[in-house]
2 protein chains.
Amino acid sequence: MAGLSVPALSRAWPALRAATVLLLLSGSAEAADVSPGPLTIAEQGSFFVGGRDVQSDTLSTLPAYAPSGTISVDQIYVHYQLPVGAHRPPLVLIHGCCLTGKTWETTPDGRMGWDEFFVRRGFPTYVIDQAWRGRSAASPAQIDAVKMGRAEPDALPPVFSAGREPAWAIFRFGPEYPKAFPGMQFPLEAQSEFWKQMVPDWSAALPVPNPTVPVLSELAKRLKGAVLVSHSQSGIYPFQTAALDRTGIRAIVAIEPAACPDPAKDDLAPFKDLPILVLFGDYVEASPRWAPRLKQCRGFVAAANAAGGRAELILLPEIGIHGNSHMLMQDKNSLDIADWLSGWIEKRVSGRS
Amino acid sequence: MAGLSVPALSRAWPALRAATVLLLLSGSAEAADVSPGPLTIAEQGSFFVGGRDVQSDTLSTLPAYAPSGTISVDQIYVHYQLPVGAHRPPLVLIHGCCLTGKTWETTPDGRMGWDEFFVRRGFPTYVIDQAWRGRSAASPAQIDAVKMGRAEPDALPPVFSAGREPAWAIFRFGPEYPKAFPGMQFPLEAQSEFWKQMVPDWSAALPVPNPTVPVLSELAKRLKGAVLVSHSQSGIYPFQTAALDRTGIRAIVAIEPAACPDPAKDDLAPFKDLPILVLFGDYVEASPRWAPRLKQCRGFVAAANAAGGRAELILLPEIGIHGNSHMLMQDKNSLDIADWLSGWIEKRVSGRS
């Protein structure tokens, strides 16, 4: 099991050593501050941002709990750790479809997650659960309304879970379940631990933009400047947040976004002078689902730059990193990628606000 | 907002100082190791325990996600931190109704949670989300089956949320919403942050005992001995776990349990020689919901001790701590209570296994 029989930090050592080598190759001078061993943090904790009150008469069908009352939804749960002597901009890590903030924590095979890596690198790090997901409350009101006979079954929310067989190709572990792409870096031997990370997804029951989007704006302002790091489903969120209000957004890192802004429809002015990185893993062209998304994001990056932007699109194989799945923050070389990303942020984004 | 404008640790100082005074009164000699300031941890991370695969054809009603596939449910999400030089037994913190592991983290008014307090005191600390709650996956299969017309509305799971108005008296903030008991220690000025912690509760849709119960046994064994600390709804779980298998259970701390084992029905042999603490806050006799539960637990403790047990039931006012709600781990004097509890464990449970 992850993190108990053998300390995760010492297991992470081979990857960290590999990261060091990569670091030397890439010219960064900072391998030394990422080492296994005790971690000292200045402060940690959790809180909520956003939220709205909803009054309902269909909160429960059980005698022990009253059906009527007020609940809060649309808030996001945020867990954070601040390094001692933080000298880099805060990162907000935003997970994708059917997952939670767990995405960024200990990997399925028990190695250090990006949440801790970036704290060790001097970044204040904030991990969220999207609105209506994980520790961010959903509402059972429509379900109970139907159960009580007060609404028809088609009023039920389209909440869904992704089964592992169809999800396999979406996560680009391979062309189809259970075949793996050659050279695959995802720790497939620990896949059962990964499938346990998946939870029901309410996003299709929510308005567009997702309630997470304005709350990210509130969070970025409170942090007095943050880099918004999205993944997959949440890829479009930080762009939508910036379109709403640029205040507090220092940069956008879109990891394997399901969509980028559409230059034919969306105003590109909010992205002027904003450092933007769109980052994809490997095997993208081999994926009927992801190849069009890559193409769409390429179109966005070109249009954003033509409009005065500072956008980059990088496929990991282009910088010599191979074999990455859609879940690149959990792949066996996840800390190599985090290390590279740390360097990108260092170069493109100025220090603490 | 919690933990940003003013560091949470310095805000916790008055409570910590109060804890020191209490500590001196109670004869413990360990105030010095709990102080605000940076925290050094040996290791941290998260993982899942338990879980079973479920195949379903009603996982989704959306074209973008296939309805058929395999998901994992019944696992519990565990987040842990290990202190440097841990010299005390691991604690497993188990939240109650309609809440998640957030219960034990930063308080609604931004003070240090018990999760961090106990790490600072030398306890390896494991915070879980119950099965089907928060980051521990529920299944949408029955909801989607009804939405698809493949099942009747009465097949919908009885998932519920507690509205704040009825929950007010359950949490014993006062006799009825929004009246507070005199001397109330819950930080009611920050109640909106607390209401955001509440999520839908699937427990009534699950078998008895709750799937969390056998998984706690698995966790206790992997930790090679742990103190199971429950709250409210989960109060009965560690007792059920011990009845299933005592291995790895070093002690049970039941904070404001909704139920204790029933001496008329339940075998008390599993509790022989096991340190057990049943802990209640204040205003219990004033609560029509809680007074009978207190009485029921008193009956259990007496019967368990008559059968060779080492059980204690304590109301906080009996040891000079007043004004506590049902959410005593978040009350303004929460660290005084944690400090006292740390001492109780120290006296009753021998050190690291």
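Counting starts from 1 at the beginning of each chain's written sequence and moves along it residue by residue. Starting at A for chains and at 1 for ligands, labels are handed out in the order in which the entities are written. Restriction of local features to residues with pLDDT of at least 70 applies here, the model being predicted, together with a cutoff of 80 or more for giving and counting side-chain atom pairs; totals for whole chains, interfaces and linings are based on all residues. Where side-chain values are given, they derive from all heavy atoms of the structure, hydrogens and water being excluded.

Observations regarding the overall build of chain A
(1) Moving on: Comment: elements are numbered from the N terminus, with helices defined as DSSP H or I runs of at least four residues and strands as E runs of at least two. Looking only at helices and strands, one finds 10 helices and 10 strands in chain A.
(2) Moving on: Looking at chain A as a whole, 64% of its 353 residues are labelled buried.
(3) Moving on: Any pair of residues with heavy atoms lying within 4.5 Å of one another is described as a contacting pair. Nonlocal contacts in chain A, meaning residues at least 24 apart in sequence, comprise 76% of its contacts between residues at least 6 apart. Relative accessibility thresholds used throughout: buried, under 20% of the residue-type maximum; exposed, over 50%; partly exposed, between the two (1.4 Å probe, protein chains only).

A closer look at the packing of helix α7 (residues 212-222) of chain A against helix α8 (residues 237-244) of chain A
All names here are of chain A.
(1) Moving on: Axis separation between α7 and α8 bottoms out at 8 Å; the angle between their running directions is 65°. Here α7 lies roughly perpendicular to α8, going by the angle between them. Handedness of the crossing formed by α7 with α8: right-handed. For the pair α7 and α8, contact is made by T212, V213, P214, L216 and S217 and by Y237, Q240, T241 and L244, respectively.
(2) Moving on: In this count, Pro and Cys sit with the nonpolar residues alongside Ala, Val, Leu, Ile, Met, Phe, Trp and Tyr, while Asp, Glu, Lys and Arg are called charged and the others, Gly among them, polar. In terms of residue class, the contact of α7 with α8 is built from five nonpolar, four polar and no charged. Note on geometry: axes are lines fitted to C-alpha atoms, helical ones only across the stretch in contact, with angles between N-to-C directions running from 0 to 180 degrees. Convention used here: angles under 35 degrees read as roughly parallel, angles over 145 as roughly antiparallel, angles from 65 to 115 as roughly perpendicular, and any remaining angle as oblique. The handedness criterion is simple: a crossing whose near helix is rotated anticlockwise from the far helix by less than a right angle is left-handed, and one whose near helix is rotated clockwise is right-handed.

Regarding the pairing of strand β10 (residues 310-315) of chain A
Residues and elements named next belong to chain A.
(1) Moving on: Where burial is concerned, most of β10 is hidden: five out of the six residues are buried.
(2) Moving on: Summarising the sheet, strand β9 (residues 275-280) and β10 pair through six bridges and their orientation is parallel. Residue pairing for β10: P275 is matched across the bridge by R310.
(3) Moving on: We call a crossover right-handed when, viewed with the strands running away from us, the connection from the first strand over the helix to the second turns clockwise. In this region the chain leaves β9, passes through helix α9 (residues 291-306) and returns to the parallel neighbour β10; the handedness of that crossover is right-handed. By this definition, two strands are paired if DSSP reports at least two bridges between them.

Focus: the relation of the copies chain A and chain B
(1) Moving on: A least-squares fit on C-alpha atoms brings the copies together, and the residues used are those whose pLDDT is at least 70 in both copies. Mapping chain A onto chain B calls for a screw motion: a turn of 180° about the axis and a shift of 0.0 Å along it, with 0.0 Å RMSD after fitting. Read as a symmetry element, the transformation amounts to a two-fold axis.

With respect to the interface of chain A and chain B
How big an interface is tends to be expressed through the accessible area that disappears when the partners come together.
(1) Moving on: Taken residue by residue, the interface counts 86 residues in chain A and 86 residues in chain B.
(2) Moving on: When two parts are put together, the accessible area they lose, computed with a 1.4 Å probe and summed over both, is reported as buried area. Both sides together, the interface formed by chain A and chain B hides about 6,800 Å², and carbon and sulfur atoms give 56% of it.
(3) Moving on: For salt bridges, the criterion is a side-chain nitrogen of Lys or Arg within 4 Å of an Asp or Glu carboxyl oxygen. The interface formed by chain A and chain B holds six salt bridges in total.
(4) Moving on: Put simply, R135(B) and D129(A) hold a salt bridge, and the shortest N to O gap is 2.8 Å.
(5) Moving on: Any N or O atom pair separated by 3.5 Å or less is treated as a polar contact, with the protein-specific requirement of one donor-capable and one acceptor-capable atom, and with residues adjacent in sequence counted only for side-chain atom pairs. Taken together, chain A and chain B are joined by 37 residue pairs in polar contact (both at pLDDT 80 or more).
(6) Moving on: Every element with two or more residues in the side of chain A that touches chain B is listed here: α1 (8-11), β1 (39-49), β3 (69-73), β4 (76-83), β6 (125-129), α4 (141-147), α5 (164-170) and α6 (191-195) of chain A.
(7) Moving on: Looking at the side of chain A that touches chain B, the element that brings in the most residues is β1(A), giving 11 residues.
(8) Moving on: Considering only residue class, the side of chain A that touches chain B consists of 45 nonpolar, 25 polar and 16 charged.
(9) Moving on: Relative to strand β1 (residues 39-49) of chain B, β1(A) is paired through three bridges, and the arrangement is antiparallel. Following the sheet pairing, I41(A) is matched in β1(B) by L39(B).

Focus: helix α7 (residues 212-222) of chain B
An α-helical turn contains 3.6 residues, so any two residues separated by three or four positions project in the same direction.
(1) Moving on: If you check which residues of α7(B) are buried, you get T212(B), V213(B), V215(B), L216(B), S217(B), L219(B) and A220(B).
(2) Moving on: At the C-terminal side of α7(B), K224(B) shows a positive phi close to 55°.

Overview of the nonpolar core
(1) Moving on: Nonpolar cores are built from buried Ala, Val, Leu, Ile, Met, Phe, Trp, Tyr and Cys residues. Side-chain atoms within 4.5 Å join them into one set. In terms of nonpolar packing, the biggest core is built from 115 residues, with V92(A) and V92(B) touching the most fellow members.
(2) Moving on: Tallying contributions element by element places helix α9 (residues 291-306) of chain B first for this core, with six residues.
(3) Moving on: Residues in contact with V92(A), not counting those within four places in the same chain, are Y126(A), I128(A), L216(A), L219(A), L223(A), A226(A), V227(A), L228(A) and V229(A).

Some remarks on empty space enclosed by the protein
(1) Moving on: Lining residues are those with an atom within 4 Å of a point, where the points come from a 1 Å grid over the protein atoms alone and group into cavities, where a 1.4 Å probe fits but cannot get out, or pockets, open sets with protein on both sides within 12 Å along at least five of seven lines. Grid points are joined across faces, edges and corners, and a volume is the space filled by probe spheres set on the points. Taken as a whole and assessed by the stated rule, the structure comprises nine cavities of 30 Å³ or more.
(2) Moving on: Of the pockets and cavities examined, the largest cavity occupies roughly 260 Å³.
(3) Moving on: Lining the largest cavity are 24 residues, with A138(A), W202(A), A138(B), P200(B) and W202(B) sitting closest to its centre.
(4) Moving on: Looking at the lining of the largest cavity, its residues break down into 17 nonpolar, five polar and two charged.

Digging into the side chain of Q44(B)
(1) Moving on: With respect to the helices and strands, Q44(B) occurs in strand β1.
(2) Moving on: Q44(B) gets classed as buried once you look at its relative accessible area, which sits at 8%.
(3) Moving on: At 2.8 Å, the side chain of Q44(B) forms a polar contact with the side chain of Q81(A).
(4) Moving on: Here the side chain of Q44(B) touches E116(A) through a polar contact of 3.2 Å, side chain to side chain.
(5) Moving on: If near-sequence neighbours (up to four positions away) are discounted, Q44(B) is found in contact with L39(A), Q81(A), T106(A), E116(A), Y80(B) and Q81(B).

Observations concerning unusual backbone geometry
(1) Moving on: The step from V208(A) to P209(A) runs through a cis peptide bond, and the omega angle for that step is -5°.
(2) Moving on: Put simply, Y177(B) and P178(B) share a cis peptide bond, and its omega is -5°.
(3) Moving on: Structurally, the position occupied by P178(B) is in the loop between α5 (164-170) and α6 (191-195).
(4) Moving on: At C98(A), a position not held by glycine, the phi torsion is positive, near 70°.
(5) Moving on: Along the chain, C98(A) turns up in the loop between β5 (91-93) and α3 (114-120).
(6) Moving on: Taking relative accessible area as the criterion, C98(A) reaches 1% and is therefore assigned buried.

Things to note about the confidence of the model for chain A
(1) Moving on: Each residue carries a pLDDT score, the predictor's confidence in it, ranging from 0 to 100. For chain A, per-residue confidence averages 91 on the pLDDT scale, and residues scoring 70 or more make up 89% of the total.
(2) Moving on: Here residues 1-34 of chain A is a poorly scored stretch, pLDDT under 50, and it has 64 contacts once near neighbours within four places are set aside; other chains count.

Some points on the pattern of salt bridges
Residue and element names in this part refer to chain B.
(1) Moving on: Applying the stated rule across the entire model yields 32 salt bridges over all chains.
(2) Moving on: Between K332 and E189 there is a salt bridge, with the nearest N and O atoms lying 3.6 Å from each other. Taken as a pair, K332 in the loop between β10 (310-315) and α10 (334-348) and E189 in the loop between α5 and α6 lie far apart in primary sequence, 143 residues in all.
(3) Moving on: Two residues, E312 and R348, come together in a salt bridge whose shortest N-O distance is 2.7 Å. Remark: R348 occurs in helix α10 and E312 occurs in strand β10; sequence separation between them is 36 residues.

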